[in-house]
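Commentary on secondary and tertiary structure
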Amino acid sequence: MRIKADFDLCESNAICVGMAPDFFDLDDDDYLVILQEEIPADRVEELRQVAANCPKSALSVEED
Ligand code: SF4
């Protein structure tokens, strides 16, 4: 499974960064950076929760 982001929807409020800082970061210009797209099997549910908590619905967990 992979995490995908719609960068046009993201408003850089860093909620995902706070929930999973090894997957998400903001760069110096406050743009979202995906640190790793591939999700280990034991973290898929956690990343689904992160996606569900994005207030802009900018994140999704998708099949490879
Ligand atoms: S939680 Fe959503 S809107 Fe906020 S930084 Fe992450 S992807 Fe962007």
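Scope of this entry: the structure provided in the associated data block. (Residues numbered from 1 in each chain as written. Predicted model: local features only at pLDDT ≥ 70, side-chain atom pairs only at ≥ 80, totals over all residues. Heavy atoms only, no water.)

A closer look at the overall build of the chain
Basically, it comes down to this: Here a strand is any run of E in DSSP of at least two residues, a helix any run of H or I of at least four, and the numbering for each starts at the N terminus. Here the radius of gyration uses the C-alpha set of atoms, whereas the globule reference equals 2.2 Å times the residue count to the power 0.38. We call two residues in contact whenever any of their non-hydrogen atoms come within 4.5 Å of each other. Each accessible area is a Shrake-Rupley estimate made with a 1.4 Å probe; only the visible protein chains count as cover when residues are assessed. Two residue types count as positive, namely Lys and Arg, and two as negative, namely Asp and Glu; His and chain ends fall outside the count. Throughout, a charge is located at the NZ atom of Lys, the CZ atom of Arg, the CG atom of Asp or the CD atom of Glu.
Of the regular secondary structure elements, the chain holds two helices and four strands. Seen in sequence order, the chain has helices and strands lined up from the N terminus as β-α-β-β-α-β. Here the chain has a C-alpha radius of gyration of 11 Å; the compact-globule value for 64 residues is 11 Å, and the two agree. For the chain, the spread of C-alpha atoms along the three principal axes comes to 30 × 20 × 20 Å. A separation of at least 24 residues holds for 57% of the contacts in the chain among residues at least 6 apart in sequence. For the chain, the computed accessible surface area is about 4100 Å², with 45% contributed by carbon and sulfur atoms. Measuring between centres, the 5 positive side-chain charges of the chain sit 6 Å from its 17 negative side-chain charges.

A closer look at the environment of Pro-21
By the element assignment, Pro-21 lies in the loop between helix H1 (15-19) and strand S2 (24-26). Spatially, the C-alpha atoms of Pro-21 and Ile-34 are 9.7 Å apart, while their sequence positions differ by 13 residues.

Points about the site of the ligand
To keep things clear, this is the line we draw: Definition of nearness: a residue and a molecule or strand are near each other if at least one heavy atom of the residue lies within 4 Å of the molecule or strand. Amino acid classes used here: Ala, Val, Leu, Ile, Met, Phe, Trp, Tyr, Cys and Pro are nonpolar; Asp, Glu, Lys and Arg are charged; the rest, including Gly, are polar.
As a structural note, the neighbourhood of the ligand is formed by Cys-10, Glu-11, Ser-12, Asn-13, Ala-14, Ile-15, Cys-16, Leu-32, Cys-54, Lys-56 and Leu-59. Grouping the constituent residues of the shell around the ligand by class yields seven nonpolar, two polar and two charged.

Description of a negative patch on the surface
Threshold: For patches, a residue must show more than 30% relative accessible area and have no salt bridge; joins then use 9 Å for like charges and 5 Å for nonpolar side chains, namely Val, Leu, Ile, Met, Phe, Trp and Tyr. Salt bridges are identified by distance alone: a Lys or Arg side-chain nitrogen within 4 Å of an Asp or Glu carboxyl oxygen.
Residues Asp-25, Asp-27, Asp-28, Asp-29 and Asp-30 make up a contiguous surface patch of negative charge. Counting through the fold element by element, Asp-29 comes out in the loop between S2 and strand S3 (32-34).

Side note on the nonpolar core
Test applied: Joining through side-chain atoms within 4.5 Å is the link that ties buried Ala, Val, Leu, Ile, Met, Phe, Trp, Tyr and Cys residues into a set, and such a set is a nonpolar core. We call a residue buried when its accessible area falls under 20% of the maximum for its residue type, exposed when it is over 50%, and partly exposed in between, using a 1.4 Å probe and counting protein chains only.
Core analysis: the biggest nonpolar cluster contains 16 residues, and Ile-3, Cys-16, Phe-24, Ile-39, Leu-47 and Leu-59 have the highest contact counts within it. When residues of this core are traced back to their parent elements, those giving at least two are H1, helix H2 (44-53) and strand S4 (59-62). Per element, the largest residue contribution to this core is four residues, and it comes from H2.

Thoughts on H2
This is how the line gets drawn: Throughout, the arc means the angular range of directions from the helix axis out to the C-beta atoms.
Residues of H2 that are buried: Val-44, Leu-47, Val-50 and Ala-51. The arc that holds the buried residues of H2, viewed along the axis, is 115°, so those residues lie on one side. Elements in contact with the buried residues of H2: strand S1 (2-5), H1, S2 and S4.

Some points on the environment of Gln-49
Considering the arrangement of structural elements, one finds Gln-49 in helix H2. Its relative accessible area of 43% is what places Gln-49 among the partly exposed residues. For the pair Gln-49 and Phe-7, spaced 42 residues apart in the sequence, the C-alpha separation amounts to 19 Å.

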